[in-house]
Amino acid sequence: MRVLPDKISGLEQTGRNKIECEIVVGRFSTTLEQTGKQKYFMAEVIRMPKLSDTMTDGVVASWNKKVGDTVKRGEILAEIETDKATMEFESFFNGTLLYIGIEKGQGAPVDAIIAIIGKADEDVKAILAEAEKGKAPAAAQTDKKEEASAVAQPDKKEEESKSDKKEEKKAEPVSENKKSEPVKQAATTDKSEDGEENNDGRIKASPLAKKIANEKGIDLQSIQGSGGHGRVIKRDIDAWHPSRIPPVMGFSNNAANAKEGFTEENVSQMRKTIAKRLSESKFNAPHFYLTMEIDMENAVSAREAINLMAAPAKISFNDMVIRACASSLRRHPKVNSSWLGDKIRYNQHVHIGVAVAVEDGLLVPVVRFADQKSFAQINAEVKELATKAKNKKLQPAEWEGNTFTISNLGMFGIEEFTAIINPPDACILAVGGIKEVPVVKNGQVVPGKTMKVTLSCDHRVVDGATGAAFLQTFKMLMENPVTILM
């Protein structure tokens, strides 16, 4: 690279042959002093990019180059994990990778220095010193402050043993990008628990095991713990069956010697964003809820007929729900809207977000112009987007722009629930499972299939009558599927 005349400004010649100039190359700006032999910094300072509208910080999932490697324009420099996906980050410059500021698995705020690319003989310390003037601290320093703050918080159990405290100090933060690390940390915690005895006679179980046992109504005294000194842990609850209840005397000593314990994992970028956005939605948008029960007999029959004709492809009830919602939104544009503070936006297009459960939380890829697509098109698109979401391969264009959202938990056996509105939408539809129940038809009780849906509405935008009218249209379409595509 060479410095062009228009890149040099503020040129001043002094009697000592001292030249001061400002050079701006790419993202790096610095003032240089030259005495005698001229020397210019030509390095490019690479900062954490803002890869989504909600991204405030990112995690370096991996580096494809190491310090000293030659980097060419267009080569993939690293993979950055955002709040919604893991994205490839390519280099826009040619040169040598001189510096890596954020190691693999570490996080950094947007605009923090993550790397420097330049000539092999350039002074990295001088470049960093100049580039960091007036900038926020590097992410690594932020992480250290957070760790220090976490350590400074008081323990809930003052009577915890010194050996446990030593183990906690030694334990390194768990990176959500290294799936093997939580296992290692759990193993370390078990080991420290095995090394301490407790003779107070209490039944010992991990917090997670206690929670699951309480939800399932399982008596912890009926379970033989496999943890240290008989401590009951999650795998014991999962494997429990009434036929495996051991004799009472068989575990009394283990219970007396067991102790409590826990493991901790760092909060992922996705979970941080979910917590922030949904908290803002729940506490800022005045929610109200409308629930309706839908007769699904005709929908079940229609789906069977469609799948016979479309074999081997198959549509799902969720595809039918998406298409029915899209048609209903076209007829009720006030539901297809957003609150913008000083105005309300009524969208003329229908982009439906479909909530997809992934390992770290929830992603909402968007089916665009859903009201103009067939069941088969919606089915294929949702499958592709769901696969990308679970593999963290979604691109910003695939998760942005939703005007309405659907959250379906019917496949998990959930009959009815309420969902938090997904900004910037004014409404979200929570869909439960199809249930066989006795229903009254023509004055007689007969077997039937029903499904409950709950519409969460932002009362600043949608009134009760507006939401109810939308649900009535949706109910009519689902109970008469032939009209959905009309």
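Now for a look at the structure at hand. What you see as residue numbers is a count from 1 along each chain, following the sequence as written. Per-residue local features of the predicted model are confined to residues with pLDDT of at least 70, and side-chain atom pairs are confined, for both listing and counting, to 80 or more; whole-chain, interface and lining totals are unaffected and use all residues. Side-chain numbers come from the whole structure's heavy atoms, not from hydrogens or water.

### Things to note about the pattern of salt bridges
Applicable threshold: Any Lys or Arg side-chain nitrogen located within 4 Å of an Asp or Glu carboxyl oxygen qualifies as a salt bridge. Helical segments are the DSSP runs of H or I of at least four residues, strand segments are the runs of E of at least two, and each set is numbered from the N terminus. In this scheme, a residue with accessible area under 20% of its type's maximum is buried, one over 50% is exposed, and one in between is partly exposed, where area comes from a 1.4 Å probe on protein chains only.
If you walk through the whole model with that rule in mind, you get 14 salt bridges. Its salt-bridge partner being Glu 381, residue Lys 373 comes within 2.5 Å of it at the nearest N-O pair. Put simply, Lys 388 and Glu 398 hold a salt bridge, and the shortest N to O gap is 2.7 Å. Within this pair, whereas Lys 388 is found in helix H11 (residues 375–390), its partner Glu 398 is found in helix H12 (residues 396–399), the two being separated by 10 residues in sequence. Residue Lys 388 is classed as partly exposed on the basis of its relative accessible area, which comes to 25%. Salt bridges here are not isolated pairs; linked through shared partners, they connect Glu 384, Lys 388 and Glu 398.

### With respect to the sheet that holds strand S12 (residues 287–295)
For clarity, the cut-off: Strand pairing is assigned whenever DSSP detects at least two bridges linking the two strands. Whether two residues are in contact is decided by their heavy atoms, any of which lying within 4.5 Å being enough. In this analysis an axis means a line fitted to C-alpha atoms, helices contributing only their contacting stretch, and an angle means the value between N-to-C directions, from 0 to 180 degrees.
Reading across the sheet, the six strands line up as S12-S21-S20-S19-S15-S18 and stay open at both edges, with mixed pairing between neighbours. Of all the strands in the sheet, just S12 and strand S18 (366–367) have a single pairing partner and so form its edges. Pairing of strand S19 (residues 404–408) with strand S20 (residues 427–441), which is carried by four bridges, proceeds in the parallel orientation. The residue of S20 that forms the bridge with Ser 407 is Ala 430. Against the sheet, helix H10 (residues 317–331) makes contact with strand S15 (352–354), S19, S20 and strand S21 (444–458), and its axis sits at roughly 155° relative to S19, the strand it touches most. In the packing of helix H13 (residues 464–479) onto the sheet, contacts are made with S12, S19, S20 and S21, and the angle to S12 comes to roughly 20°.

### Remarks on helix H8 (residues 269–284)
Put simply, the test is: Expected span, for any helix, means 1.5 Å times one less than how many residues it has. This arc describes the spread of directions from the helix axis toward the C-beta atoms.
With 16 residues, H8 should cover 22 Å at 1.5 Å per step; its first-to-last C-alpha distance of 22 Å lies within 8% of that length. Listed in full, the buried residues belonging to H8 are Gln 269, Met 270, Thr 273, Ile 274 and Ser 281. One side of H8 holds all its buried residues, which, seen down the axis, span an arc of 130°. Each element contacted by the buried residues of H8 is listed here: strand S5 (57–63), strand S7 (76–81), S12, strand S16 (356–358) and strand S17 (361–363).

### Points about the packing of aromatic side chains
Here is the rule we go by: The pairing test for Phe, Tyr and Trp rings, Trp by its six-membered ring, is centres within 6.5 Å, and the orientation test on the planes gives stacked under 30 degrees, edge-to-face over 60, and tilted for anything in between. Counting as a charge over the ring demands two things of the Lys NZ or Arg CZ atom: a distance within 6 Å of the ring centre and an angle within 35 degrees of the ring normal.
Per the stated rule, a full pass over the model turns up one aromatic pair. Plain terms: the ring middles of Phe 404 and Phe 470 are 5.5 Å apart, the flat faces sit at 45° to each other, and that makes the pair tilted. Residue Phe 404 is located in strand S19, and its partner Phe 470 is located in helix H13; the two are separated by 66 residues in the primary sequence. Residue Phe 470 is classed as buried on the basis of its relative accessible area, which comes to 0%. Over the aromatic face of Phe 317 sits the side chain of Arg 303, whose NZ or CZ is 4.7 Å from the ring centroid.

### Here we look at the packing of H10 against H13
The relative placement of two packed helices is expressed as an angle between their axes plus a distance between the axes. The cut-off we apply is this: Should an angle fall under 35 degrees it is called roughly parallel, over 145 degrees roughly antiparallel, and 65 to 115 degrees roughly perpendicular, with every other angle called oblique. Crossing handedness: left-handed means the near helix sits turned counterclockwise from the far one by under a right angle, and right-handed means the same turn made clockwise. Charged means Asp, Glu, Lys or Arg here, nonpolar means Ala, Val, Leu, Ile, Met, Phe, Trp, Tyr, Cys or Pro, and polar covers whatever is left, Gly included.
Two numbers describe how H10 lies on H13: the axes approach to 9 Å, and their chain directions differ by 135°. By the angle between their axes, H10 is oblique relative to H13. Handedness of the H10/H13 crossing: right-handed. Residues Met 320, Val 321, Ala 324, Cys 325, Ser 327, Ser 328, Leu 329 and Arg 331 of H10 form the contact with H13, whose participating residues are Phe 470, Thr 473, Phe 474, Met 476, Leu 477 and Met 478. Considering only residue class, the contact of H10 with H13 consists of 10 nonpolar, three polar and one charged.

Honestly, it's all geometry; don't read function into it.
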